[in-house]
Amino acid sequence: MTTEPVPPAPADRHGPATATVLVGALLVLVGIGWLLDAAGVGVPWRAVLPAALIAVGLACVAGAFRARQQALMVVGVALTVVLSVAVAADWDFDVPLAGGVGDRTERPTTPADLTGYELGVGNLLLDLRQLQVPPGTTTVEARVGVGELVVELPDGVSVEVMASAGLGEVQVLGQQEGGFGSRIDAVGLGGGDRRLQLDARVGLGQVRVER
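Everything quoted here is computed from the prediction, not taken from an experiment.

Peer 1: Even after reading the chapter, I still don't get the overall build of the chain, so can you show me in this structure?
Peer 2: When helices and strands are tallied, the chain shows three helices and six strands. In the chain, the succession of α and β elements from N to C terminus is α-α-α-β-β-β-β-β-β. Split into buried and exposed, the 211 residues of the chain put 35% on the buried side. When contacts within the chain are restricted to residue pairs at least 6 apart in sequence, those whose partners lie at least 24 apart make up 63%. By element, 60% of the accessible surface of the chain is carried by carbon and sulfur atoms, the whole surface being about 12,300 Å².

Peer 1: I keep staring at the environment of Gly100 and nothing clicks. Help me out?
Peer 2: Assignment of secondary structure puts Gly100 in the loop between helix H3 (70–88) and strand S1 (101–106). Measuring from C-alpha to C-alpha, the distance between Gly100 and Gly120 comes to 5.0 Å, with 20 residues separating the pair along the chain. Not counting chain neighbours up to four residues away, the residues in contact with Gly100 comprise Leu119, Gly120 and Val121.

Peer 1: Hey, could you run me through the pairing of strand S3 (residues 136–152) in this one?
Peer 2: Direction of pairing for strand S2 (residues 117–127) relative to S3: parallel, over a ladder of 10 bridges. Counted as the bridge partner of Leu125 is Val150 from S3.

Peer 1: Would you take a moment to explain the confidence of the model for the chain for this structure?
Peer 2: As a general rule, the predicted coordinates of low-pLDDT regions are not to be interpreted in detail. In this model, the chain carries an average pLDDT of 76, and 55% of its residues clear a pLDDT of 70 or more. No element of the chain has a lower mean pLDDT than H3, at 60, and none a higher one than S3, at 92.

Peer 1: How do you make sense of unusual backbone geometry when you look at a structure like this?
Peer 2: Most peptide bonds adopt trans geometry, and most residues besides glycine take a negative phi value. Unusually for a residue other than glycine, Leu173 sits at a positive phi of about 50°. Relative to the helices and strands, Leu173 is located in the loop between strand S4 (158–172) and strand S5 (175–188). Taking relative accessible area as the criterion, Leu173 reaches 33% and is therefore assigned partly exposed.

Peer 1: Mind showing me how you'd approach the environment of Val161 here?
Peer 2: Following the sequence through the fold, Val161 ends up in strand S4. Separated by 26 residues in the primary sequence, Val161 and Val187 have C-alpha atoms spaced 6.2 Å apart. Contact partners of Val161, with chain neighbours within four places excluded, come to Leu153, Val172, Ile184, Asp185, Ala186, Leu198 and Val209.

Peer 1: What exactly am I supposed to notice about the environment of Val121 here?
Peer 2: Position of Val121 among the secondary structure elements: in strand S2. The spacing of Val121 and Asp103 is 18 residues in sequence and 8.4 Å in space, taken between C-alpha atoms. When residues no more than four places from it in sequence are discounted, the contact partners of Val121 are Gly100, Val101, Gly102 and Val146.

What counts and how
- Residues take numbers from 1 onward in each chain, read along the sequence in its written order.
- The predicted nature of this model means local features are confined to residues of pLDDT at least 70 and side-chain atom pairs, given and counted, to a pLDDT of 80 or more, with totals for whole chains, interfaces and linings taken over all residues.
- Each side-chain value is worked out from all heavy atoms of the structure, with water and hydrogens disregarded.
- Numbering goes from the N terminus for both helices and strands, where a helix is a DSSP run of H or I of at least four residues and a strand is a run of E of at least two.
- For every residue, the accessible area (1.4 Å probe, protein chains only) is compared with the maximum for its type, and the residue is labelled buried under 20%, exposed over 50%, or partly exposed between those bounds.
- Here, residues are in contact when the closest pair of their heavy atoms is within 4.5 Å.
- Only the protein chains shown count as cover for residues, and all accessible areas are computed by the Shrake-Rupley method using a 1.4 Å probe.
- Note on pairing: DSSP must find at least two bridges between two strands before they are called paired.
- Scored from 0 to 100, pLDDT reflects the predictor's confidence in each residue.

So this is what it looks like as C-alpha cells:
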C-alpha cells in the first residue's frame, strides 16, 4: 500500500491588510510632521489631520465591499475625536513638541533672563515675583503641551494676561474657565508706565496665573 504525498499548502496570496498599511502610513506621516515641527519647520496640521481622516474614510468604503474593517473604524473614530477637539478649541493647541518632559521651575530676575518658556509634558512654574520690570512693555510667553502651567506675577506692575487651554482649565486672577478652548483675557493695573504682557498656553491641562 502506497502513501500519496501530501500536497503543500497553497501560498497565501492575500496582501497585507488594508488597515495595517493605512495605519502604518499614517504613523509615518505623523512622525515626519512631528520631526519637522520639532526642527522648527511649520507643519500645516489643519490640513494634515483632515486629509488623514478622508484617507481612512475612503479605505473604509473600499474595504466594505470585501470584508469588515473594524481596525479602520477605530482609527477613523480616533481621528474624528482629535479633529472635533481641535475645532472646538479653534485649533489653539500650540503644543511644544521639543520642550522636554518633567517638572521645571524658572525664576528670572531681569529682562535679560527672559526667554521663551516651553515644556512638552509636565509641570512648569514660572515665578516672576522678583522680575525687575523696566519702563515700557515687557512680553513673556510660556507654553506647556500636556500638564500644568503656573505663573506668579510681580506686584507693582500693570499686567495684560492672555491665558488659554486647548482642553482643560484656565484660572487667571480670580477668573476661571474650563472645557474646550478655554481662554481668559485679563488686565491688572498698578505699575504706571511699567507693563507686563503674558501669553500663557496649555494644550491639554491647566493654566493658573496668580498674583
